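Okay, here's what each chain looks like letter by letter:
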Amino acid sequence: MQKKERILYESIVTESDLGNWRERERKTNRRGCSCRDAFVREKFGRLRVMIYVYYIYIFFVGVAMSTEMIPSPAPSPASSSASSPAPSPASSPAPSSAPSCSSNSSNYELRKGFNGLDKVLLRDARGSSAEVYLYGGQVTSWKNDQAEELLFLSSKAIFKPPKKAIRGGIPICFPQFASFGSLDTHGFARNRFWTIDDNPPPFPTNTLSKAFVDLILKPSEDDIKIWPHSFEYRLRVALGPGGELMLTSRVRNTNTDGKPFSFTFAYHTYFSVSDISEVRVEGLETLDYLDKLQGKRRFTEQGDALTFESEVDKIYLSTPTKIAILDHEKKRTFVLRKDGLPDAVVWNPWDKKAKAMTDFGDDDYKHMLCVEAAAVEKPINLKPGEEWKGRLELSTVPSSYYSGQLDPRKVVLGS
Ligand SMILES: O=P(O)(O)OC[C@H]1O[C@@H](O)[C@H](O)[C@@H](O)[C@@H]1O
């Protein structure tokens with residue numbers, strides 16, 4: 001045997017091969033090279049097959065990975081309106097050109113929503129979805145993998161910029177919460193057109209999910225007249241691996257005159273509930289709150305989890321990072337996690353105020369509850385160049401699984 005061949009043989013023939021080889025020599029009564037060569041040829045053959053199998057495996061893995069990178073095909077306009085907010089506000093969605101976009105490793109589809117307004121559709125591999133209108137940078141829909149809507153959207157919501165904000169979903173209250181300042185209620189961000197930001201600065205918290213979109217809002221000249229500050233507000237809306245809805249806000253002071261600014265803020269989340277009288281909120285009991293129905297006077301919540309029998313409009317102060325909303329009838333619990341947002345507003349207008357609102361159905365109050373991650377009592381202060389981050393994560397679990405029912409403290413102690 002040539003030297004090279006011997007080295008090759010020795011590198012592929014193992015101890016157990018030698019045993020088998022000798023056994024074969026014994027059985028066939030043949031000794032020497034021919035038997036050994038036959039054995040090694042066989043082993044080469046097996047190796048070749050294994051190498052082919054390996055190549056085929058690599059090929060399929062490659063195909064699978066590249067398929068995941070390609071945005072899923074956009075459904076037809078018919079299915080687009082089916083996935084639009086369930087209620088039928090004044091006008092119907094405009095026909096959609098439904099382009100898919102993939103940038104910066106994010107996948108989303110751009111659609112036309114009510115009154116031809118642009119909206120972004122996010123869908124994850126398991127079937128959860130979310131919709132975000134560029135008007136207001138507002139999430140209007142979040143559905144689980146059973147296509148059940150989890151956010152409330154008023155049956156009379158008005159999709160007519162710029163005067164009215166969309167009633168439902170998650171309006172962004174910035175740079176002012178409610179009437180805590182000189183601007184119109186809840187500030188102007190919810191009445192502005194945001195743009196898609198395909199190249200945002202890197203996010204420290206990256207999700208594995210590719211279902212996300214980055215939006216940006218900068219003040220117009222008119223905005224600067226009513227709030228004399230320059231800012232960049234970046235909002236990322238993402239679906240997490242388990243269908244969680246995650247919103248991250250980054251506000252940067254870009255004033256060039258060296259002036260700081262301060263603002264108050266809320267993610268004004270409208271949760272969809274089966275029946276408000278069947279709902280309780282855990283995680284806020286025993287906390288101090290400002291009661292907006294009593295001149296913003298300060299009180300302390302007494303003892304038990306919150307339940308609802310009449311109008312409520314309270315700002316809970318210094319709340320835990322986790323709050324649970326239990327819907328007994330639906331046997332579903334929303335878990336709200338927040339970061340950078342110490343306060344939590346709880347609001348339900350009840351029957352009289354519901355009737356007084358033009359964009360709210362008379363009975364809608366029975367099927368919604370706002371629990372809003374907020375920064376109200378202590379405004380956020382930013383010097384030029386500084387950035388603030390506020391994060392909200394929403395998920396659902398079956399109520400039976402939720403241990404907080406038995407021990408409210410577990411709501412606030414869990415991660
Ligand atoms: O009607 P708007 O401006 O959307 O506000 C709705 C409610 O929003 C809540 O956050 C406030 O606490 C309430 O006082 C207010 O009524």
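Right above here is the structure, for reference.
About the cut-offs
Position numbers for residues start from 1 in each chain and track the written sequence from start to end. Note on the predicted model: pLDDT of at least 70 is required for a residue's local features to be given, and 80 or more for side-chain atom pairs to be given and counted; whole-chain, interface and lining totals, by contrast, use all residues. Note that water and hydrogens are dropped before the side-chain values are worked out from all heavy atoms of the structure. Numbering of helices and strands runs from the N terminus; a helix is a DSSP stretch of H or I covering at least four residues, while a strand is a stretch of E covering at least two. Burial classification: accessible surface area is computed with a 1.4 Å probe over protein chains only, and a residue below 20% of its type maximum counts as buried, one above 50% as exposed, and the rest as partly exposed. Only heavy atoms enter the contact rule, under which two residues are in contact if any of them lie within 4.5 Å. Surface accessibility follows the Shrake-Rupley procedure with a 1.4 Å probe radius. Residue values consider only the protein chains on display as shielding. Detection works on a 1 Å grid of protein atoms alone, calling trapped sets that fit a 1.4 Å probe cavities and calling open sets with protein on both sides within 12 Å along at least five of seven lines pockets, with lining residues defined by an atom within 4 Å of a point. Grid points are joined across faces, edges and corners, and a volume is the space filled by probe spheres set on the points. When residue character is reported, Ala, Val, Leu, Ile, Met, Phe, Trp, Tyr, Cys and Pro are called nonpolar, Asp, Glu, Lys and Arg charged, and the others, Gly included, polar. Between 30 and 60 degrees the pair is tilted, below 30 it is stacked and above 60 it is edge-to-face, where a pair is any two Phe, Tyr or Trp rings, Trp via its six-membered ring, whose centres lie within 6.5 Å. We count a charge as sitting over a ring when the NZ of a lysine or the CZ of an arginine lies within 6 Å of the ring centre and within 35 degrees of the ring normal. Whether two strands pair comes down to DSSP finding at least two bridges between them.

> Would you explain the overall build of the protein chain in this entry?
If you tally the helices and strands in the protein chain, you get seven helices and 22 strands. When each of the 415 residues of the protein chain is scored for burial, the buried share is 49%. In the protein chain, the proportion of contacts linking residues at least 24 apart, taken out of those at least 6 apart, comes to 66%. Taken as a whole, the protein chain presents about 20600 Å² of accessible surface, with 54% of it coming from carbon and sulfur.

> What is the right way to read the layout of surface pockets from this model?
It is the rolling of a water-molecule-sized probe over the atoms that shows where space remains empty. Its boundaries defined by the atoms lining it, the largest pocket holds a volume of some 630 Å³. The wall of the largest pocket is formed by 30 residues, among which Asp184, Thr185, His186, Arg190 and Asn191 lie closest to the centre. Along the lines of polarity and charge, the residues of the lining of the largest pocket split into 14 nonpolar, five polar and eleven charged.

> What should I look at first to understand the packing of aromatic side chains in this one?
Each aromatic ring pair is summarised here by two numbers: the centre-to-centre distance and the angle between the ring planes. Across all of its chains, the model carries 25 aromatic pairs by this definition. An angle of 45° between the planes, with centres 6.4 Å apart, marks the rings of Trp142 and Phe334 as tilted. With Trp142 in strand S5 (residues 138-143) and Phe334 in strand S19 (residues 332-339), the pair connects residues that are 192 residues apart, well separated along the chain. Residues Tyr233 and Phe265 carry aromatic rings whose centres are separated by 6.4 Å and whose planes lie at 40° to one another, so their mutual orientation is tilted. A residue pair is termed long-range when its members are at least 10 positions apart, and Tyr233 in strand S9 (residues 231-239) and Phe265 in strand S11 (residues 261-267) qualify at 32 residues. Overall, the relative accessible area of 0% leaves Tyr233 in the buried class. Cluster of aromatic residues (ring-pair linked, three or more members): Phe174, Phe188, Trp194, Trp227, Phe231, Tyr233, Phe261, Phe263, Phe265, Tyr267 and Trp388. Seen from the ring of Phe180, Lys296 lies directly overhead, with NZ or CZ sitting 4.2 Å from the centre.

> In this structure, what is going on with the pairing of strand S17 (residues 312-316)? I would like to understand it.
Remark: a regular strand shows side chains that alternate across the two faces of the sheet. Judged by how many residues are buried, S17 sits mostly within the fold: five of five residues are covered. Alternating residues of S17 divide into Val312, Lys314 and Tyr316 and Asp313 and Ile315, and every residue in both groups is buried. In the sheet, strand S14 (residues 288-291) pairs with S17 via three bridges, with the strands oriented antiparallel. Opposite Leu290, over in S17, you have Ile315 as the bridge partner. Examined bridge by bridge, S17 and strand S20 (residues 343-348) share five bridges and lie antiparallel to one another. By the bridge assignment for S20, Asp313 is matched with Trp347.

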